[in-house]
Amino acid sequence: MKVTFEKKDQEAVFVCSLNQDEWNVELDAAYNRTKKKYKIPGFRPGKAPRRMIEMHYGPGVFFDAAVDECIERTYVEQMSAHPELNTYGQPEVSFEKAEEGEAFAFSIKVSLYPEVKLGDYKGIKLPKIEYNVSDDDVQARINDDLKHASRLVKAEREAQLGDTVTIDYLGTVDGVAFDGGKAEGYDLKLGSNTFIPGFEDGLVGVKEGEERDVKVKFPDEYHAEELKGKDAVFHVVVHEVRYEEVPALDDEFVKDHTKYETVDEYKKGLKADLEKMAERRTRNERIDAAMNAITDKAECDIPDKLVNMEVDRMYHELEHQLSHYGMNAEDYLKYNNSSVEQFKSERRENAAKTIKMRLVMRAIIEAEKIEVTDEEAQAKLDSDPALARECEAEAKEHGGTAVEYVKNDVLSEKFFDLLLANNEFVLDEEKKEAPAKKSAAKKSTEKAEGETKEKSAKKPAAKKAKSTDKAE
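Residues numbered from 1 in each chain as written. Predicted model: local features only at pLDDT ≥ 70, side-chain atom pairs only at ≥ 80, totals over all residues. Heavy atoms only, no water.

Undergrad: With reference to specific residues and values, describe the overall build of the chain.
TA: Along the backbone of the chain there are 14 helices and eleven strands. When the backbone C-alpha atoms are referred to their principal axes, the chain occupies close to 100 × 60 × 45 Å. Taken over 472 residues, the chain has a buried fraction of 35%. Here the contacts in the chain between residues at least 6 apart in sequence split such that 68% fall between residues at least 24 apart. Side-chain charges in the chain split into 75 positive and 101 negative, and the spacing between the mean points of these groups amounts to 1 Å. (Helix = DSSP H or I, 4+ residues; strand = E, 2+ residues; numbered from the N terminus. Buried < 20%, exposed > 50% of the residue type's maximum accessible area, 1.4 Å probe, protein only. Contact = heavy atoms within 4.5 Å. Lys, Arg positive; Asp, Glu negative; His and termini not counted. Charge placed at Lys NZ, Arg CZ, Asp CG, Glu CD.)

Undergrad: Provide a residue-level description of the environment of Thr 194, including the pertinent values.
TA: As for its placement among the helices and strands, Thr 194 is situated in the loop between β8 (176-189) and β9 (211-217). Here Thr 194 falls in the buried class, since its relative accessible area comes to 5%.

Undergrad: I'd like a description of helix α7 (residues 304-323), backed by residues and values.
TA: Helix length check: α7, at 20 residues, gives a terminal C-alpha distance of 28 Å against a target of 28 Å (1.5 Å per residue), a fit within 8%. Listed in full, the buried residues belonging to α7 are Leu 306, Val 307, Glu 310, Val 311, Met 314, Tyr 315, Leu 318 and Leu 322. Of the surrounding elements, those touching the buried residues of α7 are β3 (87-95), α8 (329-335), α9 (340-346) and α10 (348-368). (Expected span 1.5 Å × (residues − 1).)

Undergrad: So what's going on with the pairing of β8? Which residues, and what values?
TA: Relative to β8, strand β7 (residues 164-173) runs antiparallel, the two being bridged by eight bridges. Paired with Thr 164 across the bridge in β8 is Lys 189. (Pairing = 2+ DSSP bridges.)

Undergrad: Break down the sheet that holds strand β4 (residues 104-112) for me, with residues and values.
TA: On the basis of which strands lie adjacent, the open sheet formed by four strands has the order β1-β2-β4-β3 and antiparallel pairing. The two strands at the open ends of the sheet, each matched to only one other strand, are β1 (2-8) and β3. Taken over all neighbouring pairs, the strand axes of this sheet differ in orientation by 15° on average, direction set aside. Here β1 pairs with strand β2 (residues 11-18) via seven bridges, running antiparallel. The residue bridging Lys 2 from the neighbouring strand is Ser 17, located in β2. Set on the sheet, helix α3 (residues 63-81) makes contact with β1, β2, β3 and β4; between it and β4 the angle comes to about 45°. Taken strand by strand, α7 contacts β3 and β4, and its axis lies near 115° from that of β3. (Axes fitted to C-alpha atoms, helices over the stretch in contact; angles between N-to-C directions.)

Undergrad: Provide a residue-level description of the nonpolar core, including the pertinent values.
TA: Judged by nonpolar contacts, the single largest core of 44 residues is most densely connected at Tyr 266, Met 291, Ile 294, Ile 364, Leu 381 and Phe 415. Looking at this core, the elements that each hand over two or more residues are α4 (135-148), α5 (251-257), α6 (263-297), α10, α11 (374-383), α12 (385-398) and α13 (402-421). The element contributing the most residues to this core is α6, with ten residues. What Phe 415 contacts, discounting residues up to four positions off in sequence, is Met 291, Ile 294, Met 361, Ile 364, Ile 365 and Ile 370. Counting residues in hydrophobic clusters, the runner-up holds 27 residues, among them Val 165, Tyr 169, Leu 190 and Val 206. (Core = buried A, V, L, I, M, F, W, Y, C linked by side-chain atoms within 4.5 Å.)

Undergrad: Can you tell me about helix α2 (residues 50-57), naming the residues and giving the values?
TA: Residues of α2 that are buried include every one of Arg 50, Met 52, Ile 53 and Glu 54, and no others. Those residues of α2 that are buried lie in contact with α1 (20-34). Downstream of α2 by one or two residues, Gly 58 has phi in the positive range, about 105°.

Undergrad: Requested: an account of unusual backbone geometry, with residues and values cited.
TA: Backbone geometry at Asn 337 places phi at a positive 55°, although glycine is not the residue there. Along the polypeptide, Asn 337 turns up in the loop between α8 and α9. Taking relative accessible area as the criterion, Asn 337 reaches 69% and is therefore assigned exposed. Phi at Lys 369 is positive, roughly 55°, even though this residue is not glycine. Counting through the fold element by element, Lys 369 comes out in the loop between α10 and α11. Using a relative accessible area of 66% as the deciding quantity, one classes Lys 369 as exposed.

Undergrad: Hey, could you go over the packing of aromatic side chains for me, with residue numbers and the actual values?
TA: Counted according to the given criterion, the structure contains 23 aromatic pairs. Measuring from ring centre to ring centre gives 5.8 Å for Phe 95 and Phe 104, while their planes differ by 55°; the resulting arrangement is tilted. Judged by its relative accessible area of 6%, Phe 104 falls in the buried class. Relative to Tyr 186, the ring of Tyr 169 has its centre 6.1 Å away and its plane inclined at 80°; by these criteria the two rings are edge-to-face. One end of the pair, Tyr 169, is in strand β7; the other, Tyr 186, is in strand β8, with 17 residues separating them in the sequence. (Phe/Tyr/Trp six-rings, centres within 6.5 Å; stacked < 30°, edge-to-face > 60°.)

Undergrad: Requested: an account of the pairing of strand β10 (residues 231-245), with residues and values cited.
TA: Where a strand is regular, its side chains alternate between the two sheet faces. Relative to β10, strand β6 (residues 151-154) runs antiparallel, the two being bridged by four bridges. Across the sheet, residue Lys 154 finds its bridge partner in β10, namely Arg 242. In this sheet, β10 lies alongside β7 in antiparallel orientation, the contact comprising nine bridges. From the neighbouring strand, Thr 166 faces β10, where its bridge partner is Glu 240.

Undergrad: I'd like a rundown of the environment of Lys 228, residues and numbers included.
TA: Inspection of the secondary structure puts Lys 228 in the loop between β9 and β10. Between the C-alpha atom of Lys 228 and that of Phe 218, which follows or precedes it by ten residues, the distance is 5.7 Å. Apart from the residues within four sequence positions on either side, Lys 228 is in contact with Phe 218, Pro 219, Asp 220, Glu 221 and Tyr 222.

Undergrad: Hey, could you go over the confidence of the model for the chain for me, with residue numbers and the actual values?
TA: Averaged over every residue, the pLDDT of the chain is 89; the share at 70 or more is 90%. Scored below 50 in pLDDT, residues 431-472 makes 75 contacts in the model with residues more than four places away or belonging to other chains. (pLDDT = per-residue confidence, 0-100.)

Undergrad: Break down the side chain of Thr 34 for me, citing the residues and quoting the values.
TA: Position of Thr 34 relative to the elements: it lies in helix α1. Within the local environment of Thr 34, its side chain forms a polar contact with the backbone oxygen of Ala 30, the two atoms lying 2.8 Å apart. (Polar contact = N/O pair within 3.5 Å; in protein donor to acceptor, adjacent residues only side chain to side chain.)

Take a look at the structure:
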């Protein structure tokens, strides 16, 4: 087989041609691979000569099989012969016009990753990132554990903010009931901001068995057009008032609810866990900051074809995630006032940045000659049983060994170690002081509180749970 190779810009093209003898060899091989599926009178399956099969099924009966095998084998051979080519996507195959003395000709075009011109990736000074654990963080975690173990106890008193009341309610506007304004046996925590403003405050002071009319005004920006800005009255029947009883922090609680035996052991264990979380967060955020910096300093033109592939990967990942919840991606996007086209369009910039970051990482690994030995990979598997099981499952499903699958993880860790060891995280020179850094635990708590407030602001008059009609 004659093969010519040309590389230009971000493509490589192999033009291949076979003479008649070479092409006959391919046809004979196709005949031997497929002859058993052809039925010829007077011959047992697989015993009919090639000429007889061609007479019954046509002279081109083995053409497609010969072409497929020839192209696939040639592609593998040429990729092995040119390991310097960094390809992506599927190859494009075209049939070419056979020249004099040729029986069959074709070309294989492959797309090449763009080259990266690295900027500085060592000696960069970045804003300091550091998370520490305080006694307040430990106490906040203890408070969360105590709250999680709390129980609701019947209150022989008037309801207060923080109590949970079990109620029936019926809402009316100008004496007429409206859709979504009725529920029975509904559990409502006063102060949770589940209902529209004024409703929960209006139930402070109620007792078990009491009936009360609560007057409220729907917000002007309320989602139901017919209720925007309207005055309403909710007739409420109170079935029960309960308060949250939080257990005391003592050795008995620790033994029943944790892996520790004493309060002292429990506090020390929590602090150690939080410090590990803070260390991981510090490392991860420093890696992100360094990767962003070195990616910005590098030069690389990302082709649209590559961006399209990455955007498609993002969408398929969304589909996969939603499938676990029995949801369809298109329906999910439509529910959120979006579409597949909008989803992909909004992620193009991020996709291009992600691709560039990967290419920069690969270029630095090659420049620094970072490698992973089988011994290093095995040591990683030995130190992380969960990862070992995951890699063994991958190897069993797709072939190969667990050691081969874990090498990328080890390679990434060695690259990140190099990145962190050769760049500095210092004080912010412009501010002349370290930027204020919240502890890992405190920042997480504030984030959760912010999300809760945001969600509460968007909620309808009442949740759907236990409602006979939706209060929306």
